[in-house]
Amino acid sequence: MRTAQYLKPNVSIEPLYNQWYAWWYLIPPQTAPMFVANLHLRIMKSFVTAPDVHVAALQNPALAGGPYINYPAARAGEIERLLDRTVKDQAASLRFVEALAELDKLLAAATGHSLEPLYPKVPDLLQGYVELTYDLNHRASARFIEPLLYRSPHYRESSQSMLLRLITEDKRPYVFSTPRLDTEGAIHLHRAFRDPAVDALFRMRLEPGSPDDVAAQLGIEPRDAALFAQLFTDEAPRPPSANRYTGDGVRIRYLGHACVLIESRDVTILTDPVISYDFPTELPRFTHADLPERIDYVLITHGHADHLMLETLLQLRTRIGTIVVPRSGGGYLADPSLGQLLRAVGFERVIELEDFDRIPIPGGALTGLPFFGEHCDLNIRAKTAHLVQLEGKAMLMAADANAIEPRLYDHVHAAVGPIDVMFLGMESEGAPMSWMYGPLLHTPMARKMDQSRRVNGSNCERAIEIVSRLRPAQVYVYAMGREPWLSHVMVLDYHEEAPQLLGARKLLQYCRDHGITTGMPYIRDELFLGAGA
Ligand SMILES: [Fe+2]
């Protein structure tokens, strides 16, 4: 019997909720039912009724990312079985959604007089989980007591599962409109995301262990035993100590999209982790195999699936010291707490930041800075730009901030002083609001309203406003969704003349004209600041 083996560097784990790829809104107990009822069931019903319509729609590249299931019509029977099972297993979630709709009506009818008489009228299953409040214009809303909901039967961990498989190429099917059916070559683990056996498995990326032992911990069925054995290798990885930066100053590595590894001799910081698996490729990039053994801080900018990616985080859970996330407003339906969410899926050390909250770290500090826009004007507070001060250098990871009010950056500049390096996303042609937030609405939006409120980052003019006010010495455009290993969560199939790219190139030209070092990293990049430069 084999004993000590390593987990292969191209083993993936897809977190699923009722077999749909799990992201931000599929974890919190108050939002997950809304997505089940208003997105998943609707898409599956539509496919079962007319699979050919879906197949035909996906022939048109312009409809990629739309509500169409990416399976041949022949699999309609399997989708129908998943649909039936979801309706049956999620009966309580569907009742929860009805209760939310009823609560919404109750609040809409509030007249500005005391809300106390409304409490007995709150649907029974929500009583004790919501506080009713007015804003100063006497518009009523409900505040969800999330920690209690996570401890209630409404948090359905039994709907969580994970799919293990080997990844051998970048191309992966788009996940937000198609559930995962049991797929050949994949092992479906019916376990909660927080299960410590997941940690035991991914520790074997670094330390050899017994596949038999971890199979027992994960409850691998005998029928999957042969497939499971293929996830392991005798070959030891490159020691992660070789990946660790030990020089002077700061080393910054671009790992794709918004994922940047910032290291000094004393500390390792990883932003918005979305990391490629390791397999032979024409496009060499930093992968899981290039990470240091320990990541002291993971910084999350916001909940969008390309920034808060559970798939990557679960694999790194035992290696992350502290996750730093923006603090949500507390209880508003569209703004669930990222801290609660991460604790629920097994991360014990999570720090929530408000604007200008500062955490000292060895050789510097982390500070949360305001991030406007890109959330369709919804009152979502769980978003932050991260200012990383390290070894005397200041790096601003601005994520998808949209300078809808440029004067913000005058005030930020006055408050924090010079910025050495800024990373800014420029996805300026985002989807309309309903594409992401529609399932949270009880009534559909008017089309014009929907089109006017978009998931937009800064365009060229707005980015120039930021640069001219913050005056960073170096500016890099990142988070553009161009790396092919994001194909399962993004459908940005950029052509050379795409407005996002034209805007980004115009910004680069502006920077060069103003003596600012600039670039748009792609696939893999590296730079040094300070003594290491
Ligand atoms: Fe975003």
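Rules of the game
Residues numbered from 1 in each chain as written. Predicted model: local features only at pLDDT ≥ 70, side-chain atom pairs only at ≥ 80, totals over all residues. Heavy atoms only, no water. Donors = N, O, S within 2.8 Å, 3.2 Å for Na, K, Ca; no water. Helix = DSSP H or I, 4+ residues; strand = E, 2+ residues; numbered from the N terminus. Buried < 20%, exposed > 50% of the residue type's maximum accessible area, 1.4 Å probe, protein only. Arc of directions from axis to C-beta. Contact = heavy atoms within 4.5 Å. Disulfide = S-S within 2.5 Å. Pairing = 2+ DSSP bridges. Core = buried A, V, L, I, M, F, W, Y, C linked by side-chain atoms within 4.5 Å. Phe/Tyr/Trp six-rings, centres within 6.5 Å; stacked < 30°, edge-to-face > 60°. Lys NZ or Arg CZ within 6 Å of the ring centre and 35° of its normal. Axes fitted to C-alpha atoms, helices over the stretch in contact; angles between N-to-C directions. Salt bridge = Lys/Arg side-chain N within 4 Å of Asp/Glu carboxyl O. Polar contact = N/O pair within 3.5 Å; in protein donor to acceptor, adjacent residues only side chain to side chain.

Novice: Even after reading the chapter, I still don't get the coordination of the iron ion, so can you show me in this structure?
Specialist: The reference angle at a metal is 109.5 degrees if four donors form a tetrahedron and 90 or 180 degrees if six donors form an octahedron. Taken together, the protein ligands of the iron ion are His-302 (NE2), His-304 (ND1), Glu-374 (OE), Glu-374 (OE) and Asp-400 (OD), with distances of 2.2 to 2.4 Å. All donors of the iron ion belong to a single chain; written as a sequence motif, their spacing is H-x1-H-x69-E-x25-D. On the criterion of sequence distance, the pair formed by His-304 in the loop between β12 (295-299) and α9 (310-316) and Glu-374 in the loop between β16 (364-369) and β17 (385-390) is long-range, its members being 70 residues apart. Taking the relative accessible area as the measure of exposure, Glu-374 reaches 7% and is therefore buried.

Novice: Where do I start with helix α11 (residues 407-416) in this structure?
Specialist: Helical periodicity: at 3.6 residues per turn, an α-helix aligns residues three or four positions apart in one direction. Inspection of α11 places Leu-408, Tyr-409, Val-412, His-413 and Val-416 among the buried residues, and these make up the whole buried set. Along the long axis of α11, the arc covered by the buried residues comes to 130°, so they all point the same way. Exposed residues lying more than 90 degrees from the buried face of α11 are Arg-407, His-411 and Ala-414. Those residues of α11 that are buried lie in contact with β16, β17 and α14 (460-470). Positive backbone phi, at 80°, marks Gly-417, one or two positions downstream of α11.

Novice: Which parts of the structure should I look at to understand the environment of Ile-323?
Specialist: The topology assignment puts Ile-323 in strand β13 (residues 320-326). Separated by 133 residues in the primary sequence, Ile-323 and Asn-456 place their C-alpha atoms 26 Å from one another. Those residues within four positions of Ile-323 in sequence are excluded, and the remaining contacts are Val-298, Ile-300, Leu-313, Leu-342, Phe-347, Arg-349, Val-350 and Ile-351.

Novice: Sorry, what's going on with the state of the cysteines here?
Specialist: A complete count under the given rule lists zero disulfides for this structure. There is no disulfide at Cys-460, and the cysteine sulfur nearest it, in Cys-511, is 9.0 Å away.

Novice: Sorry if this is basic, but what is going on with the sheet that holds strand β3 (residues 20-21) here?
Specialist: By definition, the strands of a sheet pair up through backbone hydrogen bonds, in either a parallel or an antiparallel sense. Across the sheet, four strands lie side by side as β3-β2-β6-β7; this open sheet has antiparallel pairing. Of all strands in the sheet, those with a lone pairing partner are β3 and β7 (187-189), marking the two edges. In this structure, strand β6 (residues 160-166) lies alongside β7, joined through three bridges in antiparallel fashion. Bridged to Met-162 within β7 is Leu-189.

Novice: When you look at unusual backbone geometry in this model, what are you seeing that I'm missing?
Specialist: Of all residues except glycine, most have a negative phi; of all peptide bonds, most are trans. Here Phe-356, not a glycine, exhibits a phi torsion of approximately 70°, which is positive. By the element assignment, Phe-356 lies in the loop between β14 (350-353) and β15 (358-361). Non-glycine residue Ala-479 carries a positive phi angle of around 55°. Structurally, Ala-479 is set in the loop between β20 (474-478) and α15 (499-513). Using a relative accessible area of 2% as the deciding quantity, one classes Ala-479 as buried.

Novice: Sorry, what's going on with the nonpolar core here?
Specialist: Soluble globular proteins tend to bury their nonpolar side chains together. Counting residues in each nonpolar core, the largest one holds 112 residues, and the members touching the most others are Phe-228, Leu-342 and Tyr-437. What Phe-228 contacts, discounting residues up to four positions off in sequence, is Leu-164, Ile-187, Leu-201, Pro-211, Val-214, Ala-215, Leu-218 and Ile-220. Core analysis: the second largest hydrophobic core is formed by 62 residues, Ala-258, Ala-385, Leu-390 and Met-520 among them.

Novice: Hey, could you run me through the packing of aromatic side chains in this one?
Specialist: How two aromatic rings sit relative to each other is given by the distance of their centres and the angle of their planes. Tallied over the full model, the rule gives 15 aromatic pairs. Pairing Trp-23 with Phe-176 gives two aromatic rings, centres 5.6 Å apart and planes at 65°, and the pair type is edge-to-face. A residue pair is termed long-range when its members are at least 10 positions apart, and Trp-23 in the loop between β3 and α1 (32-49) and Phe-176 in the loop between β6 and β7 qualify at 153 residues. No difference in accessibility class separates Trp-23 from Phe-176, as the two residues are buried. Where Trp-24 meets Tyr-437, the ring centres are 6.4 Å apart and the plane angle is 85°; that geometry is what we call edge-to-face. One end of the pair, Trp-24, is in the loop between β3 and α1; the other, Tyr-437, is in helix α12 (residues 433-437), with 413 residues separating them in the sequence. The same class applies to Trp-24 and to Tyr-437, which are both buried. Among the aromatic side chains, those forming a connected cluster through ring pairs are Tyr-21, Trp-23, Trp-24, Tyr-25, Phe-35, Tyr-174, Phe-176 and Tyr-437. In this structure, Arg-75 packs its charged tip against the face of Tyr-71, placed 4.9 Å from the ring centre. In this structure, Arg-524 packs its charged tip against the face of Phe-286, placed 4.1 Å from the ring centre.

Novice: Is there a simple way to think about the sheet that holds strand β18 (residues 393-397) in this case?
Specialist: An order of β15-β16-β17-β18-β19-β20-β21 is seen for the seven strands of this open sheet, with the pairing classed as mixed. The open sheet has two edge strands with one neighbour each: β15 and β21 (517-519). For this sheet, the mean inter-axis angle between neighbouring strands, taken without regard to orientation, is 15°. One ladder, built from three bridges, connects β20 with β21; its direction is parallel.

Novice: What exactly am I supposed to notice about the pattern of salt bridges here?
Specialist: Note that side chains of opposite charge can pair when their charged atoms are close. Applying the stated criterion across every chain yields a total of 26 salt bridges. A salt bridge links Glu-293 to Arg-203, with the shortest nitrogen-to-oxygen separation between them at 3.6 Å. With a gap of 90 residues between them, Glu-293 in the loop between β11 (268-271) and β12 and Arg-203 in helix α6 (residues 196-203) connect regions that are remote in the sequence.

Novice: I would appreciate a short explanation of the environment of Asp-357 in the present structure.
Specialist: Mapped onto the elements, Asp-357 comes out in the loop between β14 and β15. On the basis of relative accessible area, Asp-357 is assigned to the partly exposed category, the value being 30%. Apart from residues lying up to four places away in sequence, Asp-357 is in contact with Glu-352, Leu-366, Thr-367 and Gly-368. Side-chain polar atoms of Asp-357 contact the backbone nitrogen of Glu-354, separated by 2.8 Å.

Novice: Please clarify how the side chain of Ser-328 should be interpreted in this entry.
Specialist: By secondary structure assignment, the location of Ser-328 is in the loop between β13 and α10 (338-344). Among the polar contacts listed, one links the side chain of Ser-328 to the backbone nitrogen of Gly-330, at a separation of 3.2 Å. From its side chain, Ser-328 meets the backbone oxygen of Asp-335 in a polar contact 3.3 Å long.

Novice: Could you clarify how one ought to interpret the pairing of strand β2 (residues 11-17) in this entry?
Specialist: Remark: a regular strand shows side chains that alternate across the two faces of the sheet. With seven of its seven residues buried, β2 lies for the most part within the structure. Here β2 shows two buried faces, one formed by Val-11, Ile-13, Pro-15 and Tyr-17 and the other by Ser-12, Glu-14 and Leu-16. Inspection of the sheet shows β2 paired to β6 by seven bridges, in the antiparallel sense. If you follow Val-11 over to β6, its bridge partner there is Leu-166. Sheet topology places β2 next to β3; two bridges connect them, and they run antiparallel. When the bridges of β3 are listed, Tyr-17 appears paired with Trp-20. Here β2 folds back onto β3 in antiparallel fashion, the turn holding two residues, of which Asn-18 has a positive phi close to 50°.

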